[in-house]
Amino acid sequence: MLSMFHKNTVLFLAYGLLGAAPFVGAVAGLSFFPPVLFAAFRIDVGAVLLLLLVAVRGDYWHPKTTEDIAGVLVTGILTLGGNIALVFAGQQYITSATGSVIYSLAPLLTAVFAYILLPSERLSLLGGVGIVLGFVGAGIVTNPDPSNLTTVTNRGVGLVFLSVLSFGLGNVITRRIDPDLPSLTLTTWGLVVAAVFVHSVSVLRGESVSQSEWTIQAVLSLIGVGVIGTAVLYRVHFELLTEIGATRTNLAYYAHPVSTAVAGYLILDERITVFTITGLVVIFAGFVLIEWERIQSVIPRSFHRYL
């Protein structure tokens, strides 16, 4: 039997590696599916698998209160539905590594929304500097050309950035609603709502299943984003939240761009640029400043004299 320490270490490493699946899988499959429909298929697969999981567990497995229902709706439309649809729309134009690094702004933008909407959460001066660093890092990754801000790359970055805004706003509104549902169950039912929402958006965009090409690569990419990048990734995420807390889990979150860059290079032959690496380091530094007090609390005391 694994000790708790070894179990958490395995989960931490697994979370860092699995985070590549949504981005690499999206880029690999977008040539076979319309973007929003592909996002909807990803959500369908994840929703079915997680529904089976929460039903088997049999505890608090469905919404019971008004707050539960409100939380599920916000999670489905903003945190998951709008978020995933915008990521897939954006990944048409940028590499998986660039998308993953822009997405690593999520904890920083969540902190901004929390500062605005949750009176009990106030940013320190260090936190404010951290937010600025995060946007500087995003600018480094995109390396925009001021003479031509309408490039497809900027369009892709903009769409992924909007997805992060949707994710952060949805998270904070859900925390303000404060539903009683366990986090994994809330996310699972949120995926059900997200499936209806994103399929509706896909239909309004004129997308249809007939536009899909069901090749082996297409099926593998769908397994990557639906099974690995949704059902398995979310399951590991919430297990980590329970075992090691949000701050340490978010530290693992910053391994996602690294694993995505490596997987994108090996699988998709994507180039890893200096701007991507530098931007990730700057964004991570911003996160450390925002979470500095919490990070200090989880670092062993023997290391404090070096900080």
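If you're wondering where the values come from, they're calculated on a predicted model, not measured in any experiment.

A few points about the overall build of the protein chain
Now for step 1: Helix and strand counts for the protein chain come out as 13 helices and zero strands.
Now for step 2: Along the protein chain, helices (α) and strands (β) appear in the sequence α-α-α-α-α-α-α-α-α-α-α-α-α when read from the amino end.
Now for step 3: Evaluated residue by residue, the protein chain yields a buried proportion of 49% over its 307 residues.
Now for step 4: Contacts in the protein chain between residues far apart in sequence, at least 24 positions, make up 90% of those at least 6 positions apart.
Now for step 5: Of the roughly 14,700 Å² of accessible surface on the protein chain, 68% is carried by carbon and sulfur atoms.

Let's talk about the packing of aromatic side chains
Now for step 1: By the definition in use, this model includes eight aromatic pairs.
Now for step 2: Ring geometry for F23 and Y103: centres 5.7 Å apart, planes at 65°, overall edge-to-face. Here the residue F23 occupies a position in helix α2 (residues 21-29), and Y103 occupies one in helix α5 (residues 96-103), the gap between them amounting to 80 residues.
Now for step 3: In this structure Y103 comes out as buried when scored by relative accessible area, which is 12%.
Now for step 4: Members of the aromatic cluster, connected to one another through ring pairs, are F33, F38, F41, F88 and W214.
Now for step 5: A cation over an aromatic ring shows up here: K64 above the ring of Y60, its NZ or CZ 4.5 Å from the ring centre.
Now for step 6: When the ring centre of Y93 is taken as reference, the NZ or CZ atom of R155 above it lies at 5.1 Å.

Quick look at the environment of L159
Now for step 1: Position of L159 relative to the elements: it lies in helix α8 (residues 152-177).
Now for step 2: Separated by 72 residues in sequence, L159 and V87 place their C-alpha atoms 6.6 Å apart.
Now for step 3: If sequence neighbours within four positions are ignored, L159 has contacts with L86, A89, G90 and Y93.

Quick notes on the packing of α5 against helix α12 (residues 274-290)
Now for step 1: Between α5 and α12, whose axes approach to 10 Å, the crossing angle comes to 15°. Taken together, the axes of α5 and α12 are roughly parallel relative to one another. Seen along the crossing, α5 lies across α12 with a hand that is left-handed. Counted together, A97, T98 and V101 of α5 and T276, G279, L280 and I283 of α12 form the full contact between these two elements.
Now for step 2: Each residue belonging to the contact of α5 with α12 can be placed in one class, and the counts come to four nonpolar, three polar and no charged.

Structural notes on the confidence of the model for the protein chain
Now for step 1: Mean pLDDT over the protein chain stands at 85; residues scoring 70 or higher make up 90%.
Now for step 2: Confidence scores differ between elements of the protein chain, with helix α13 (residues 292-298) showing the lowest mean pLDDT of 67 and helix α4 (residues 66-90) the highest of 96.

Topic: helix α3 (residues 35-57)
Now for step 1: Look at α3: 33 Å from first C-alpha to last across 23 residues, which is about the 33 Å you get at 1.5 Å a residue.
Now for step 2: A positive phi of about 75° marks G58, the residue just after α3.

Here we look at a nonpolar patch on the surface
Now for step 1: A cluster of nonpolar side chains, namely V258, V262, Y265, L266, I267, I272, I277 and V281, defines an oily patch on the protein surface of about 780 Å² accessible area.
Now for step 2: Sorting elements by how many residues they give to the nonpolar patch places helix α11 (residues 256-268) first, with five residues.
Now for step 3: The residue I267 is located in helix α11 in this model.

Considering the pattern of salt bridges
A side chain of one charge can pair with a side chain of the opposite charge if their charged atoms are brought near each other.
Now for step 1: One pass over the full model with this rule turns up two salt bridges.
Now for step 2: The residue R205 makes a salt bridge to E207 at a minimum N-O spacing of 3.0 Å.
Now for step 3: Taking the shortest distance from any N to any O, the salt bridge between R235 and E239 comes out at 3.2 Å. Of this pair, R235 and E239 are both found in helix α10 (residues 216-253), four residues apart, which corresponds to roughly one turn of the helix.
Now for step 4: Residue R235 is classed as partly exposed on the basis of its relative accessible area, which comes to 29%.
Now for step 5: Residue classification places E239 among the buried residues on the basis of a relative accessible area of 16%.

Section: the side chain of E207
Now for step 1: Within the secondary structure, E207 is located in the loop between α9 (183-204) and α10.
Now for step 2: A distance of 2.7 Å separates a polar atom in the side chain of E207 from the backbone nitrogen of L37.
Now for step 3: A polar contact of 3.0 Å, which involves the side chain of E207, links it to the side chain of R205.

Conventions adopted
Residues numbered from 1 in each chain as written. Predicted model: local features only at pLDDT ≥ 70, side-chain atom pairs only at ≥ 80, totals over all residues. Heavy atoms only, no water. Helix = DSSP H or I, 4+ residues; strand = E, 2+ residues; numbered from the N terminus. Buried < 20%, exposed > 50% of the residue type's maximum accessible area, 1.4 Å probe, protein only. Contact = heavy atoms within 4.5 Å. Areas by Shrake-Rupley, 256 points an atom, 1.4 Å probe, with all protein chains shown as cover. Phe/Tyr/Trp six-rings, centres within 6.5 Å; stacked < 30°, edge-to-face > 60°. Lys NZ or Arg CZ within 6 Å of the ring centre and 35° of its normal. Axes fitted to C-alpha atoms, helices over the stretch in contact; angles between N-to-C directions. Parallel < 35°, antiparallel > 145°, perpendicular 65-115°, else oblique. Left-handed = near helix turned anticlockwise from the far one by under 90°. Nonpolar A, V, L, I, M, F, W, Y, C, P; charged D, E, K, R; others polar. pLDDT = per-residue confidence, 0-100. Expected span 1.5 Å × (residues − 1). Patch = residues over 30% accessible without salt bridge, like charges linked within 9 Å, V, L, I, M, F, W, Y side chains within 5 Å. Salt bridge = Lys/Arg side-chain N within 4 Å of Asp/Glu carboxyl O. Polar contact = N/O pair within 3.5 Å; in protein donor to acceptor, adjacent residues only side chain to side chain.

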